[in-house]
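# Secondary and tertiary structure notes
Next come the chains, spelled out residue by residue.
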Amino acid sequence: QTERPRASERSGAFGAPRTNHIHQGIDIVTVVGESIYSPISGVVTRLPYPYEGNTTYRGVEIKNSDYAVKIFYVNATVPVNTKVTAGQPIAKAQNIAAMYGSGMTNHAHIEVRNSEGKILDPTQMFS
């Protein structure tokens, strides 16, 4: 089991401080197995891993001409190269608390970048 996050690392807000970086996305509370929907229309470009060397937790990356969105702690239900529309189910929420312990709230992590690769605050886009 991984060490429990410090109090300063418990916020899922965009820009929240972490031990050695700033939180670059937002965390949305989930229930294990619930459907996750695409926030944009685009193409599924890859199914990344949030932790190097750990294939337990997965993600989905969707791109269009304006944005690239990564959603972590989900099992994709659509394959790479699939065209998706905003609001379409694309994944199921994973159990992140299994890694961090019962003190961790299950959530999906969402990061958004613009076409130049600049990280954006997702709360300014999706309400």
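Quick look at the structure, then. (Residues numbered from 1 in each chain as written. Predicted model: local features only at pLDDT ≥ 70, side-chain atom pairs only at ≥ 80, totals over all residues. Heavy atoms only, no water.)

## Digging into the layout of surface pockets
Stated formally: Of the grid points, spaced at 1 Å and generated over the protein atoms alone, those admitting a 1.4 Å probe that cannot get out make up cavities, while open sets with protein on both sides within 12 Å along at least five of seven lines make up pockets; any residue with an atom within 4 Å of a point is treated as lining. Grid points are joined across faces, edges and corners, and a volume is the space filled by probe spheres set on the points. Helix numbering and strand numbering both begin at the N terminus, where a helix is a DSSP run of H or I of at least 4 residues and a strand a DSSP run of E of at least 2. In this classification, the charged set is Asp, Glu, Lys and Arg, the nonpolar set is Ala, Val, Leu, Ile, Met, Phe, Trp, Tyr, Cys and Pro, and all remaining amino acids, among them Gly, are polar.
Looking at the second largest pocket, its volume works out to about 230 Å³. Considering the residues around the second largest pocket, the lining is formed by 13 residues, among which Ile-28, Ile-36, Tyr-37, Ala-108 and Ile-110 are closest to the centre. For the lining of the second largest pocket, the elements supplying multiple residues, two or more each, are strand 1 (26-29), strand 2 (35-37) and strand 9 (107-114). Here the residues of the lining of the second largest pocket sort into 10 nonpolar, 2 polar and 1 charged.

## Considerations on the pairing of strand 4 (residues 59-63)
Applied cut-off: Burial status follows relative accessibility: with a 1.4 Å probe on protein chains alone, a residue under 20% of its type maximum counts as buried, one over 50% as exposed, and anything between as partly exposed. The pairing criterion for strands is at least two bridges between them, as found by DSSP.
A large share of strand 4 lies buried, amounting to 4 of its 5 residues. Pairing geometry for strand 3 (residues 42-46) and strand 4, over 3 bridges, is antiparallel. Paired with Val-43 across the strands is Lys-63, a residue of strand 4. Direction of pairing for strand 4 relative to strand 5 (residues 67-72): antiparallel, over a ladder of 5 bridges.

## Comments concerning the packing of aromatic side chains
The condition is simple: Only Phe, Tyr and Trp rings take part, Trp by its six-membered ring, and two of them pair if their centres are within 6.5 Å. Stacked means planes under 30 degrees apart, edge-to-face means over 60, and tilted covers everything else.
One pass over the full model with this rule turns up 3 aromatic pairs. Consider the rings of Tyr-51 and Tyr-57, whose centres lie 6.4 Å apart with planes at 85 degrees: the pair is edge-to-face. With centroids separated by 6.2 Å and ring planes inclined at 85 degrees, the aromatic side chains of Tyr-57 and Tyr-73 adopt a geometry described as edge-to-face. Taken together, the positions of Tyr-57 in the loop between strand 3 and strand 4 and Tyr-73 in the loop between strand 5 and strand 6 (74-76) put the pair 16 residues apart, joining distant regions of the chain. Note on accessibility: Tyr-57 and Tyr-73 belong to one class, buried. Among the aromatic residues, ring-to-ring pairing joins Tyr-51, Tyr-57 and Tyr-73 into one connected group.

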